Amino acid sequence: MAKTTMSAAKNLVRLLVLVQVSLGLLGGVAALSFDYYGMTCPFAEMMVRSVVYDALMKDPTLAGSLLRLHFHDCFVQGCDASVLIDSADGNTAEKDAQANLTLRGFEVIDRIKELLESQCPGVVSCADVLALAARDAVLLARGPYYGVPLGRRDGTRSVDSDTFTALPPAFFNVTMLMKLFGSHGFTVQDMVALSGGHTLGVAHCANFKGRLAETDTLDAALGSSLGATCTANGDAGVATFDRTSTSFDTVYFRELQMRRGLLSSDQTLFESPETRGIVNMFAMNQAYFFYAFQQGMLKMGQLDLKEGDDGEIRHTCRVINSS
Ligand code: HEM
């Protein structure tokens, strides 16, 4: 009898631990929640939205830039706003690493943070601001809305070399992309959906000139116009990822089907048997792409979160508090 009671008690403890782990209350998962600032800064989300709205009204090309900032934050040391920190004497920060030199939108984040600090000082993290600004940029570019769980903490380290292997370069093929994304727990479908972020924005010749040699898989007309751009402007030449670069839509995937992908890492998604079916499905079914993108962003926004004293709420997104 006593044995049965003991084993029932043990099972109950196991069950409680399981429930707590799945709720993120125990173990390595920092608990985020949708109403994290409900009592401490109830209008935080509205403040972020209004600044992003103003910025995109003036310059719709910032939508892609804000989305990319969040991606480059989360893939390097987790979503902790380390990408926003300025270099200082003796430290070259992530934002000054080669892969980050064309990041834009820092001033928009500064404006959001200033507004938040004026209303609720020391409450809303820069990492949450980035996650919300990316979501709002997608939404305002007519992409899907998704709820962003909040409560991230800001990191206190930002070193250029941390980006070297963390961020995917433009020449990656599907195998390399799957390895990198897989290492963060993403599925192949997540990876293709997140690459669909390239429905917004531009790239520079420095990143797509390699593609000009891939004549088997590059539409001839696109090849000659990209070639002309790079000849005229060198590495600084710019081209959009798709022909609707300020609209979040499926045109990116349809252009891959036409061999009009801008980067090698884009076109490889259509050329490889592992991912071609997913590209075709997203090209055909916007609702499905939007759903998969939301799932991917939800996962991406929770990569390697800082917990407790590992993080802080920065007062200025460009500088860690203690410095
Ligand atoms: C799959 C691997 C990926 C590779 C190899 C890659 C690479 C690149 C490169 C090389 C650029 C252009 C940089 C320049 O020349 O200025 C770029 C731009 C961009 N990337 Fe990615 N990226 C990847 C995934 C993602 C993901 C997951 C997102 C977001 C969910 C994203 C969002 C963007 C956006 C929106 C831009 C345009 C930024 C702007 O116009 O300012 N990328 N990416």
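What counts and what doesn't
- Residues numbered from 1 in each chain as written.
- Predicted model: local features only at pLDDT ≥ 70, side-chain atom pairs only at ≥ 80, totals over all residues.
- Heavy atoms only, no water.
- Donors = N, O, S within 2.8 Å, 3.2 Å for Na, K, Ca; no water.
- Helix = DSSP H or I, 4+ residues; strand = E, 2+ residues; numbered from the N terminus.
- Near = heavy atom within 4 Å.
- Polar contact = N/O pair within 3.5 Å; in protein donor to acceptor, adjacent residues only side chain to side chain.
- Nonpolar A, V, L, I, M, F, W, Y, C, P; charged D, E, K, R; others polar.
- Domains from an automatic or database assignment.
- UniProt positions renumbered as here; feature names shortened; annotations may be inferred.
- Buried < 20%, exposed > 50% of the residue type's maximum accessible area, 1.4 Å probe, protein only.
- Contact = heavy atoms within 4.5 Å.

S.K.: I'd like a rundown of the coordination of the iron atom of the ligand, residues and numbers included.
M.R.: For the iron atom of the ligand, the protein contributes exactly one donor atom, H198 (NE2), at 2.1 Å. Secondary-structure assignment places H198 in the loop between α7 (188-195) and β1 (202-204).

S.K.: Any details on the site of the ligand? Residues and values, ideally.
M.R.: The ligand sits among 23 residues. The nearest are S65, T102, H198, H204 and N207. Within the side chain of H198, an N or O atom sits 2.9 Å from a nitrogen atom of the ligand. When residues of the shell around the ligand are traced back to their parent elements, those giving at least two are α3 (62-74), α6 (174-183), α7 and β1. Top contributing element to the shell around the ligand by residue count: α3, with five residues. Its residues assigned to classes, the shell around the ligand shows twelve nonpolar, ten polar and one charged. Of the residues that make up the shell around the ligand, three or more belong to each of domain 1 (44-167 + 301-310) and domain 2 (174-299).

S.K.: Give a detailed account of the UniProt feature "binding site: Ca(2+) 1" (unreviewed entry) in the protein chain, specifying residues and quantitative values.
M.R.: In the numbering used here, UniProt assigns the "binding site: Ca(2+) 1" (unreviewed entry) feature to D73, V76, G78, D80, S82 and E94. These annotated residues cover 22 residues of sequence, and their C-alpha atoms lie no more than 12.6 Å from one another, placing them together at a single site. Judged by relative accessible area, which is 0%, V76 ranks as buried. Among all residues touching V76, those that are not within four sequence positions of it are S82, E94, D162, T163, A166 and L167. Position of E94 relative to the elements: it lies in the loop between α3 and α4 (106-119). E94 sits in the buried class, given a relative accessible area of 0%. Apart from the residues within four sequence positions on either side, E94 is in contact with H72, V76, Q77, S82, V83, N100, R157, S158, V159, D160 and T163. Of the polar contacts made by the side chain of E94, one reaches the backbone nitrogen of V83; its length is 3.5 Å.

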